[in-house]
Amino acid sequence: MSREIVLDTETTGFDPKTGDRLIEVGCIEIMDLLPTGRTWHTFVNPERLIPPDAIRVHGITDDKVKDAPKFHEVVGELMAFIGDAPVIAHNAQFDRNFIDAECTRCSHPLLDETRWIDSLQLAQKKFPGMANSLDALCKRFKISLSDRTYHGALIDARLLAEVYLELRGGKERRLDLATTRVASTVVAAVSGGYGARPRPLADRSTGDERAAHAAFLLKTLKDRSLWEGYGLKLETEEAPAA
């Protein structure tokens, strides 16, 4: 099974080189493109004041993070949760710059650049020339934004996990899952799991039509197990007389 981590961060600004710091990290574990329910989240004390412009975006105030752990106190937990999985982020260079800066500050090994997957680049290849922000993609894929008042690391990671599924062929995957559910229902019906119908339905086809159908199946199919599962004894059916 393919394990991946969807990650999002919130920060005091745009550039760690000018003194901006990480203030929130959220991670979602996905397995074979589907969320497993495992998450990792923390606020981080940035050891500096948060500018008002940043607060207007994510709603995280100085009071909210003053008692939060510092990054060096949680980096071990974060890296343990990520493990050896690839890391998906939207505009991944931004998140990577901040994670790398914080790791460098506390002398922790960096995540290898090759492990980062940029969902923005995937979207730009799929929708060239179109708006491909996380919000724009959510609207395009009809993913609800109703639960989000502000940007938040864990909320945005959950939204990105849904967007990433769509970018990787979500509709086809949902069809596969739907097919599995239908197949399970058919097996239950064929095996008599729901019991006999109290009042059998009248035949909707004539004897000639059923014989013609059986003749077609005998001529066309190599594996007749599906039809025989419904009680159609193809070996004993006879084609209609010419």
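Student: Describe the packing of aromatic side chains, and please don't skip the residues or the numbers.
Tutor: For the coordinates displayed, the defined rule picks out two aromatic pairs. Between the aromatic rings of Phe-94 and Phe-98, the centroid separation amounts to 5.0 Å while the plane-to-plane angle is 50 degrees, which identifies the pairing as tilted. Here Phe-94 pairs with Phe-98, and both are found in helix 4 (residues 92-105), just four residues apart, close to one helical turn. Owing to a relative accessible area of 24%, Phe-94 belongs among the partly exposed residues under this scheme. The exposure class of Phe-98 is buried, given its relative accessible area of 1%. Above the plane of the ring of Phe-81 lies Arg-3, whose end atom (NZ or CZ) is 5.9 Å from the centre.

Student: Any chance you could break down the side chain of Glu-29 for me, citing the residues and the numbers?
Tutor: Within the secondary structure layout, Glu-29 lies in strand 2 (residues 22-31). Polar contacts involving the side chain of Glu-29 include one to the side chain of Thr-36, which spans 2.6 Å. With sequence-adjacent residues up to four places away left out, Glu-29 is seen in contact with Arg-3, Glu-4, Ile-5, Leu-34, Pro-35, Thr-36, Arg-38 and Phe-81.

Parameters at a glance
- Residues numbered from 1 in each chain as written.
- Predicted model: local features only at pLDDT ≥ 70, side-chain atom pairs only at ≥ 80, totals over all residues.
- Heavy atoms only, no water.
- Phe/Tyr/Trp six-rings, centres within 6.5 Å; stacked < 30°, edge-to-face > 60°.
- Helix = DSSP H or I, 4+ residues; strand = E, 2+ residues; numbered from the N terminus.
- Buried < 20%, exposed > 50% of the residue type's maximum accessible area, 1.4 Å probe, protein only.
- Lys NZ or Arg CZ within 6 Å of the ring centre and 35° of its normal.
- Polar contact = N/O pair within 3.5 Å; in protein donor to acceptor, adjacent residues only side chain to side chain.
- Contact = heavy atoms within 4.5 Å.

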